[in-house]
Amino acid sequence: MIQRILLFLFSLLFFSSDIFSQLKPELDNEWIQSKSLGPVIDTSSIRWNFIADVKVENLESIHGYEVKGSQKTKQISETAKINQGTLSLSSLPLTEKEYQWIYELGNTSLFFTFEITKKKGEKKFLNIPINFSEKSKETLRLVMEKNLNIKKETVKAPFLRNLDGRRWYVANSGENDEQILIEMIPEETKIETWTEIYRLNILKTIGTSNREAFIKAVKDGLSENCPSLVFNTITESPKEIIYEWSHEGCNGWPASTEITRLVSGSSNSRMFTFANKKGKLSKDLREVYLTVLEKEK
């Protein structure tokens, strides 16, 4: 059974090409901590509102950008002297194009990066993913209608997740008796030339009792005719394991790296994976992958 799952995992190929932004989600640093970021609707407009706890004196500026791959749109800006304490900043009123996501059916995933500048040109960043369920968007639509007299028809939109400043879309999916598989690749890349992929597996028959055997089967399968394989357990607990493997090219595959987080229940597991066919990962990209994986549910 485990061998059949492995064959299914390894037989489905997919995606990518050039990489745009790769931002590690980060809500806190030595200077500032994000407390909230979201839309605020008053009687005349809808705006983005950012609330933060400033930990130091004399910050010179804060600029907040919405990030969609290669596109960066400034939404929030403050250039007056910023001192320690609670900070609240709002954007200009959003245009119809900027709030259209509220009227798209399904969940919405957005990503903001904030550039914070101190004296002598020192800079730090916050990278903030924000997600809206369909239910929360229904509430926003009702408030838009009540406060702004705006009522628009909802529209279908492709499912996208903004994981790291890039929007990822579903490029492949499948299901059999043993698993459900969804694979996503960055927008503006092609499945035929993939070098990078994000994968979600629901393993229907792998639970805590046989997780160890499953991991061993994965490792043994990868090791066959692959002397350059390096397999490393990053963290492990009774309910989950994060592991990483890489090789310099084996069995017709180019040099590759994968990082996986496997979260197990009594009878099934959720497996989240980033795969990359560009060989060894840079330190920064590895941190991006790990940070995203650790926050998945």
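Everything that follows concerns the structure shown earlier in this document.
The paragraphs below set out a description of the structure included in this document.

## Some points on the sheet that holds strand 4 (residues 71–78)
Inference 1: Across the sheet, which stays open at both edges, the four strands sit in the order 4-3-6-7 with antiparallel pairing between neighbours. Whereas interior strands pair on both sides, the edge strands pair on one side only; in this sheet they are strand 4 and strand 7 (123–132). Within the sheet, the average angular offset between the axes of one strand and its neighbour, ignoring direction, is 25 degrees.
Inference 2: The sheet contact formed by strand 6 (residues 108–118) and strand 7 spans ten bridges and is antiparallel. By the bridge assignment, glutamate 115 is partnered in strand 7 with phenylalanine 125.

## With respect to the state of the cysteines
Inference 1: Tallied over the entire structure, the rule returns one disulfide.
Inference 2: Each disulfide pairs two cysteine sulfurs, and for cysteine 226 the partner residue is cysteine 250, the sulfurs being separated by 1.9 Å. One disulfide, between cysteine 226 and cysteine 250, carries an S-S torsion of 75 degrees and so falls in the right-handed class. A residue pair is termed long-range when its members are at least 10 positions apart, and cysteine 226 in the loop between helix 3 (211–223) and strand 12 (230–236) and cysteine 250 in the loop between strand 13 (240–247) and strand 14 (256–264) qualify at 24 residues. The same class applies to cysteine 226 and to cysteine 250, which are both buried.

## Details of helix 2 (residues 134–148)
Inference 1: Taking 1.5 Å of rise per residue, 15 residues should cover 21 Å, and helix 2 covers 20 Å from first to last C-alpha, within 8% of that figure.
Inference 2: After helix 2 finishes, the residue asparagine 149 shows a positive phi value of roughly 55 degrees.

## Re unusual backbone geometry
Inference 1: Here the phi dihedral of asparagine 58 falls at roughly 65 degrees; this positive angle occurs in a residue that is not glycine.
Inference 2: Considering the arrangement of structural elements, one finds asparagine 58 in the loop between strand 2 (46–54) and strand 3 (59–68).
Inference 3: For asparagine 58, a relative accessible area of 26% translates into the label partly exposed.

## Brief notes about the pairing of strand 10 (residues 179–186)
Inference 1: Buried residues dominate strand 10, accounting for six of its eight residues.
Inference 2: Relative to strand 10, strand 9 (residues 167–175) runs antiparallel, the two being bridged by seven bridges. Among the inter-strand pairings, asparagine 172 is bridged to a residue of strand 10, identified as glutamate 183.
Inference 3: Pairing between strand 10 and strand 11 (residues 196–203): six bridges, direction antiparallel. Along strand 11, the bridge assignment pairs glutamine 179 with leucine 203.

Reading guide: rules and limits
- Residues numbered from 1 in each chain as written.
- Predicted model: local features only at pLDDT ≥ 70, side-chain atom pairs only at ≥ 80, totals over all residues.
- Heavy atoms only, no water.
- Pairing = 2+ DSSP bridges.
- Helix = DSSP H or I, 4+ residues; strand = E, 2+ residues; numbered from the N terminus.
- Axes fitted to C-alpha atoms, helices over the stretch in contact; angles between N-to-C directions.
- Disulfide = S-S within 2.5 Å.
- Buried < 20%, exposed > 50% of the residue type's maximum accessible area, 1.4 Å probe, protein only.
- Expected span 1.5 Å × (residues − 1).

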